[in-house]
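# Geometric and topological summary
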Amino acid sequence: MTASNPMNILQQVRETALSQRDPNSRYCTLATLEQQAPLQVRTRTLVVRDVSSEACLLFVNRSAQKNLGDLPDASVEVLFFYPTLMAQFRLRGSLSLMSASALEPHWQHKPYEAKLLDHFYQDYQPQSATLESRDALEQGISELKKRYPDPDSVPFTENALGLLITADYLEVWQGMDSGIHDRRLFTRADAVWKAQALVP
Ligand SMILES: Cc1cc2nc3c(=O)[nH]c(=O)nc-3n(C[C@H](O)[C@H](O)[C@H](O)COP(=O)(O)O)c2cc1C
């Protein structure tokens, strides 16, 4: 059955979760597959930077182990769960990167420490690399603070990535008081979304 754009449901539920200060409202879980055998799934919490009527935007670092593989066909799934609303979304789609010029103004809104970390990944050690000690990290960050003392003029780093996942699959699970929950799967081919009900 053809359906209207289900990304609007995700947008609306997320807005409600944000306004109700749901503890998960700012976050999602990104699942990827390791590129090398053994086939291993890897998940991590990320801040959701934006949800539009087409895509969700996440910030990651080029140096990390997200195993994004070959864009746009890398295999990823993004999970949103809002416990105060008992609503879950599973989103899949094609991957692309925001242009550096579009990303930079968003990146400048990151907290000071998060910007310094992007510099740490670039100049010291990549994200997820083994640290010799916690002191090595703190030493690097304090050097970067001296180099970039003003939080508003930390230069943009090229290793910062804005990852856009343009949805072609969205599964919506909505908890119901009756205990018989509602589950719907929306899939998109070209510009047309189709909906099916699933056994919850
Ligand atoms: C609340 C929370 C928010 C996070 N937000 C981000 C984020 O927006 N971007 C990011 O790269 N890592 C974020 N992280 C760290 C990731 O969960 C993960 O540890 C890191 O990205 C390394 O993942 P990888 O080794 O699989 O690449 C966050 C962690 C938590 C707990």
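What counts, and where the lines are drawn
- Residues numbered from 1 in each chain as written.
- Predicted model: local features only at pLDDT ≥ 70, side-chain atom pairs only at ≥ 80, totals over all residues.
- Heavy atoms only, no water.
- Helix = DSSP H or I, 4+ residues; strand = E, 2+ residues; numbered from the N terminus.
- Buried < 20%, exposed > 50% of the residue type's maximum accessible area, 1.4 Å probe, protein only.
- Contact = heavy atoms within 4.5 Å.
- Areas by Shrake-Rupley, 256 points an atom, 1.4 Å probe, with all protein chains shown as cover.
- Lys, Arg positive; Asp, Glu negative; His and termini not counted.
- Charge placed at Lys NZ, Arg CZ, Asp CG, Glu CD.
- pLDDT = per-residue confidence, 0-100.
- Near = heavy atom within 4 Å.
- Polar contact = N/O pair within 3.5 Å; in protein donor to acceptor, adjacent residues only side chain to side chain.
- Nonpolar A, V, L, I, M, F, W, Y, C, P; charged D, E, K, R; others polar.
- Salt bridge = Lys/Arg side-chain N within 4 Å of Asp/Glu carboxyl O.
- Domains from an automatic or database assignment.
- Buried area = accessible area lost by both parts, 1.4 Å probe.
- Pairing = 2+ DSSP bridges.

This part is about the overall build of the protein. Tallying secondary structure elements over the protein gives four helices and nine strands in all. The C-alpha extent of the protein, read off along each of the three principal axes, is 55 × 40 × 35 Å. Counting every position in the protein, which comprises 200 residues, the buried fraction comes to 36%. Pairs at least 24 apart in sequence give 62% of the contacts found in the protein among residues at least 6 apart. Total accessible area on the protein stands at roughly 11300 Å², and carbon and sulfur atoms take up 50% of it. Put simply, the protein has 20 plus and 24 minus side-chain charges, and the middle of one group is 3 Å from the middle of the other.

As a further point, take the confidence of the model for the protein. Residues at a pLDDT of 70 or more form 100% of the protein, whose mean pLDDT is 94. The spread of mean pLDDT over the elements of the protein runs between strand 1 (residues 2-3), the lowest at 88, and helix 1 (residues 7-19), the highest at 98.

So, on to the environment of P6. Secondary-structure assignment places P6 in the loop between strand 1 and helix 1. Between the alpha carbons of P6 and S178 there is a distance of 24 Å; along the sequence they are 172 residues apart. When near neighbours in sequence (up to four residues on either side) are disregarded, P6 contacts L170, F186 and W193.

Before going further, it helps to examine the site of the ligand. Close to the ligand lie 14 residues, the nearest being R42, R44, T45, K66 and S128. Here an oxygen atom of the ligand and a backbone polar atom of Q65 are 2.9 Å apart. For the ligand, the accessible surface in isolation is 620 Å², of which the surrounding protein chains cover 67%. Broken down by secondary-structure element, the contributors of at least two residues to the shell around the ligand are strand 3 (41-51) and strand 4 (55-61). Counting residues per element, the shell around the ligand draws most heavily on strand 3, at six residues. When its residues are assigned to classes, the shell around the ligand shows six nonpolar, four polar and four charged.

Throughout the structure, instances matching the rule amount to nine salt bridges. Ionic pairing is found between E171 and R90, a salt bridge with its closest N-O pair at 2.8 Å. Linking E171 in strand 7 (residues 160-174) with R90 in strand 6 (residues 87-97), this pair joins segments that are 81 residues apart in sequence. The residue D182 makes a salt bridge to R184 at a minimum N-O spacing of 3.0 Å.

This part takes up the domain arrangement of the protein. Domain parsing of the protein yields domain 1 (2-108 + 158-197) and domain 2 (111-155). The gap between the C-alpha centroids of domain 1 and domain 2 is 28 Å. Contact with domain 1, which involves eleven residues of that partner, is made by eleven residues of domain 2. Between domain 1 and domain 2 lies a buried interface of about 870 Å² when both sides are counted; carbon and sulfur atoms form 41% of it. At the boundary of domain 1 and domain 2, one finds zero salt bridges. Taken together, domain 1 and domain 2 are joined by six residue pairs in polar contact (both at pLDDT 80 or more). Considered class by class, the residues forming the side of domain 1 that touches domain 2 number three nonpolar, five polar and three charged.

What follows covers the pairing of strand 2 (residues 27-33). Only one face of strand 2 is covered, namely the face carrying C28, L30 and T32; the face carrying Y27, T29, A31 and L33 is uncovered. Where strand 2 meets strand 3, seven bridges bridge the pair, whose relative direction is antiparallel. By the bridge assignment for strand 3, L30 is matched with R44. Note that strand 2 and strand 5 (residues 76-82) share four bridges and pair antiparallel. Residue pairing for strand 5: A31 is matched across the bridge by E77.

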